[in-house]
Amino acid sequence: MGLVQPRSFRCDTPLQLDSGRELPGFELKYETYGTLNAARSNAVLVCHALSGDHHAAGWHSTQDKRPGWWDHCIGPGKPIDTDRFFVVACNNLGGCAGSTGPNTINPATGRLWGPDFPIVTVRDWVRSQALLADHLGIQRFAAVAGGSLGGMQALQWAIEFPGRVRSALVIAAAPRLSAQNIAFNEVARKAIMSDPDFHEGRYAEQGVVPRRGLMLARMLGHITYLSDGLMRQKFGRELREGKISFGFDVEFQIESYLRHQGETFVDRFDANTYLLMTKALDYFDPAREHGDDLAAAFRRAQARFLVIAFSSDWRFSPQRSREIVRARATRSRSMTPMRGSSSRARASRARPSCGQWSASSASS
């Protein structure tokens with residue numbers, strides 16, 4: 001993609017949130033890649049996961065150490081081909097990469113929002129993204145795509161705005177978190193909030209960062225991102241220096257990896273944002289409003305779905321992706337067939353896709 005330039009969308013209309021609170025206005029930082037066609041029908045929205053942002057592809061400067069987080073998928077001739085599609089990626093509300101969030105100014109007080117920033121949900125994000133789409137003149141997305149928390153946003157788009165999504169690409173996601181996943185998030189939040197430098201979320205005003213807590217939260221997160229098999233394959237029990245030192249410093253390669261991930265994360269991410277993002281994960285449950293019936297939640301959805309899971313993923317296992325596929329299939333069977341449509345066409349529409357990738361194919 002070469003060098004890309006971030007943009008800002010400012011909405012001065014109050015945004016009602018699921019929590020009952022209201023944002024008086026907000027700003028979203030976003031990037032676009034490719035060209036919007038005359039019919040405005042080739043737009044693809046890419047949604048980021050917990051620690052992502054709007055920089056999905058390309059480079060901000062020649063000094064960057066690495067490109068955007070999905071650069072291997074977005075660009076000319078790549079899976080999301082910018083010779084064909086106009087790609088939009090934005091930093092979610094509550095983020096820390098330029099969108100309105102805890103590290104931006106609260107207009108009511110003139111101070112940083114900090115811990116006063118309201119809890120946001122996946123549905124709040126989708127509604128704010130719809131306003132960005134309106135600003136860009138996009139009535140309907142050719143596709144909404146994302147992995148993990150981004151995949152949840154793709155699901156919510158199909159449910160919330162059924163007429164505005166042609167296809168939904170859901171990668172390594174789940175229709176709601178398990179109790180175990182919520183538990184991991186709670187431990188991560190507790191690590192951050194227990195840091196002496198947290199100062200009840202007002203650490204920026206104290207000129208400090210809860211580095212130890214945020215580092216521990218990220219280390220815990222990475223343990224859940226890698227299965228036991230992948231850890232064994234990548235690190236095994238290899239010693240960093242080739243010998244045991246009988247101490248508590250870094251000895252095993254996996255220890256070195258986790259500490260590196262934690263230390264680098266602290267320099268680029270905000271602790272209050274981490275708290276918000278994990279809560280959005282915990283709260284996501286589109287079936288809740290439909291008597292815990294996921295098929296009923298999909299009743300209005302019109303999009304075609306591609307659901308992809310990784311066989312090595314234990315946090316969002318293929319079983320969780322199959323829940324989505326089964327719910328979609330149930331919804332499709334309950335629909336009245338369109339008059340004049342053939343049985344083969346009906347069957348094609350009724351079969352959502354679920355791909356299952358191995359660890360090796362995931363890296364290719």
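Quick notes on the rules
Residues numbered from 1 in each chain as written. Predicted model: local features only at pLDDT ≥ 70, side-chain atom pairs only at ≥ 80, totals over all residues. Heavy atoms only, no water. Helix = DSSP H or I, 4+ residues; strand = E, 2+ residues; numbered from the N terminus. Rg over C-alpha atoms; globule rule 2.2 N^0.38 Å. Buried < 20%, exposed > 50% of the residue type's maximum accessible area, 1.4 Å probe, protein only. Contact = heavy atoms within 4.5 Å. Lys, Arg positive; Asp, Glu negative; His and termini not counted. Salt bridge = Lys/Arg side-chain N within 4 Å of Asp/Glu carboxyl O. Phe/Tyr/Trp six-rings, centres within 6.5 Å; stacked < 30°, edge-to-face > 60°. Lys NZ or Arg CZ within 6 Å of the ring centre and 35° of its normal. Core = buried A, V, L, I, M, F, W, Y, C linked by side-chain atoms within 4.5 Å. Axes fitted to C-alpha atoms, helices over the stretch in contact; angles between N-to-C directions. Parallel < 35°, antiparallel > 145°, perpendicular 65-115°, else oblique. Left-handed = near helix turned anticlockwise from the far one by under 90°. pLDDT = per-residue confidence, 0-100. Pairing = 2+ DSSP bridges. Right-handed = clockwise from strand over helix to strand, strands pointing away.

A.B. asks: When you look at the overall build of the chain in this model, what are you seeing that I'm missing?
C.D. replies: Of the regular secondary structure elements, the chain holds eleven helices and twelve strands. For the chain, the C-alpha radius of gyration of 21 Å lies close to 21 Å, the compact-globule estimate for 364 residues. Projected onto the principal axes, the alpha-carbon positions of the chain cover approximately 75 × 50 × 45 Å. Every one of the 364 residues in the chain was classed for burial, and the buried ones make up 51%.

A.B. asks: It is not clear to me how the side chain of Q153 should be interpreted in this structure. Could you clarify?
C.D. replies: With respect to the helices and strands, Q153 occurs in helix 2 (residues 149-160). Since its relative accessible area comes to 0%, Q153 is described here as buried. In this structure Q153 touches C47, H48, N92, V122, W125, V126 and Q129, once residues within four positions along its chain are discounted.

A.B. asks: Sorry, what's going on with the side chain of R218 here?
C.D. replies: Relative to the elements of secondary structure, R218 occurs in helix 4 (residues 211-225). Here R218 occupies a buried position and makes no salt bridge, while the nearest side chain of opposite charge, D53, is found at 11 Å. Among all residues touching R218, those that are not within four sequence positions of it are S51, Y225, Q261, G262, F265, R268 and Y274.

A.B. asks: Sorry if this is basic, but what is going on with the packing of aromatic side chains here?
C.D. replies: Aromatic rings in a pair are described by how distant their centres are and how their planes are angled relative to each other. Taken as a whole and assessed by the stated rule, the structure comprises twelve aromatic pairs. When the ring of W113 is compared with that of F117, the centres are 5.3 Å apart and the planes differ by 80 degrees; the resulting orientation is edge-to-face. No difference in accessibility class separates W113 from F117, as the two residues are buried. The interplanar angle of 80 degrees and the centroid separation of 5.8 Å between the aromatic rings of F265 and Y274 together place this pair among those described as edge-to-face. Residue F265 shares its accessibility class with Y274, and that shared class is buried. Following the ring pairs from residue to residue traces out a cluster consisting of F141, W157 and F161. For the cation-ring pair, R218 lies above F265, with the distance from its terminal atom to the ring centre recorded as 4.3 Å.

A.B. asks: How do you make sense of the nonpolar core when you look at a structure like this?
C.D. replies: If you look at soluble globular proteins, the nonpolar side chains tend to sit buried side by side. If you look at the biggest cluster of nonpolar residues, it comprises 83 residues, and the most contacted ones within it are I138, Y274, F298 and F305. Counting 20 residues, the second-largest nonpolar core is a separate cluster that includes Y33, V46, A57 and F85.

A.B. asks: What's the story with the pattern of salt bridges in this structure? I'm lost.
C.D. replies: Oppositely charged side chains can form a pair if their charged atoms are brought close together. What the rule picks out here adds up to 18 salt bridges. K78 is paired through a salt bridge with D71; the nearest N and O atoms lie 3.4 Å apart. According to the relative accessible area criterion, D71 is buried, its value standing at 14%. In this structure, R164 engages D134 in a salt bridge whose closest nitrogen and oxygen atoms are separated by 2.9 Å. With a gap of 30 residues between them, R164 in the loop between helix 2 and strand 10 (167-171) and D134 in helix 1 (residues 122-136) connect regions that are remote in the sequence. For R164, a relative accessible area of 11% translates into the label buried. Of the residues examined, D134 reaches a relative accessible area of 43% and is grouped as partly exposed. The network of salt bridges with shared partners includes D18, R123, R127, E160 and E289.

A.B. asks: Even after reading the chapter, I still don't get the packing of helix 3 (residues 179-193) against helix 4, so can you show me in this structure?
C.D. replies: The packing of two helices is summarised by the inter-axis angle and the distance between the axes. Relative to each other, helix 3 and helix 4 sit at 160 degrees, their axes nearing to 7 Å. Classified by the angle between their axes, helix 3 and helix 4 sit roughly antiparallel to one another. The element helix 3 and its partner helix 4 pack so that their crossing is right-handed. Within the contact between the two elements, helix 3 uses F184, V187, A188, A191 and I192 and helix 4 uses G213, L214, L216, A217, L220 and T224.

A.B. asks: What should I look at first to understand the confidence of the model for the chain in this one?
C.D. replies: The predicted coordinates ought not to be read in detail in places where the model reports low pLDDT. Predicted confidence across the chain gives a mean pLDDT of 89, with 91% of residues reaching 70 or more. The low-confidence segment residues 336-364 (pLDDT under 50) makes 35 contacts with residues lying over four places distant or belonging to another chain.

A.B. asks: Any chance you could explain the pairing of strand 9 (residues 143-147) here in plain terms?
C.D. replies: Across a regular strand the side chains alternate sides, sitting on one face of the sheet and then on the other. Within strand 9, four of the five residues are buried, which leaves the element mostly enclosed by the surrounding structure. Alignment of strand 9 against strand 10, held across four bridges, turns out to be parallel. By the bridge assignment, V144 is partnered in strand 10 with A168. You can see the chain leave strand 9, run along helix 2 and come back into strand 10, and the turn it takes is right-handed.

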